[in-house]
Amino acid sequence: MLYNYFVSGTGVVDVAKKIADVIVRKFNITGSVTDLINNLVFKLKVIYRAHDGDFSWSDLGGAILDLGQLILTFVPAGKLTTIVSALWDIATIL
């Protein structure tokens, strides 16, 4: 799904919502996640634009790392194992 977003430019909000769902589930976040989704949408667009629309499978590792850094800004007290587990689940959205 994420790869399809990067190669087709569609579905960014759906991808962001799926990633946010993983984060909410893994870190037991309660309340509104609108800011998180908005930040994910922005981050996905930045990652996409950085490659001028010529996104390949090899670029996904960097995208996942960027998303990991974004997660750390929202949940800095998360355990490393939980963060890695969340990133694994996000990677499987691909």
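Nothing here was measured: the structure is a model prediction, and the numbers come from that model.

1. Overview of the overall build of the protein
Counting its secondary structure elements, the protein contains five helices and zero strands. Secondary structure elements of the protein, listed N to C terminal, follow the sequence α-α-α-α-α. Considering only intrachain contacts with a sequence separation of at least 6, the fraction spanning at least 24 residues in the protein is 68%.

2. Looking at the side chain of D89
With respect to the element layout, D89 can be found in helix α5 (residues 80-92). Polar contacts involving the side chain of D89 include one to the side chain of K26, which spans 3.3 Å. Excluding residues within four positions of it along the chain, D89 makes contact with V22, R25 and K26.

3. Here's the deal with the pattern of salt bridges
Applying the stated criterion across every chain, the model contains two salt bridges. The residue D89 makes a salt bridge to R25 at a minimum N-O spacing of 3.1 Å. Here D89, found in helix α5, pairs with R25, found in helix α2 (residues 12-27); they are 64 residues apart in sequence, far enough to count as distant. Take D89: its relative accessible area is 17%, and that puts it in the buried class. Linked through salt bridges whose partners overlap, the residues forming this network are R25, K26 and D89.

Calculation rules
Residues numbered from 1 in each chain as written. Predicted model: local features only at pLDDT ≥ 70, side-chain atom pairs only at ≥ 80, totals over all residues. Heavy atoms only, no water. Helix = DSSP H or I, 4+ residues; strand = E, 2+ residues; numbered from the N terminus. Contact = heavy atoms within 4.5 Å. Polar contact = N/O pair within 3.5 Å; in protein donor to acceptor, adjacent residues only side chain to side chain. Salt bridge = Lys/Arg side-chain N within 4 Å of Asp/Glu carboxyl O. Buried < 20%, exposed > 50% of the residue type's maximum accessible area, 1.4 Å probe, protein only.

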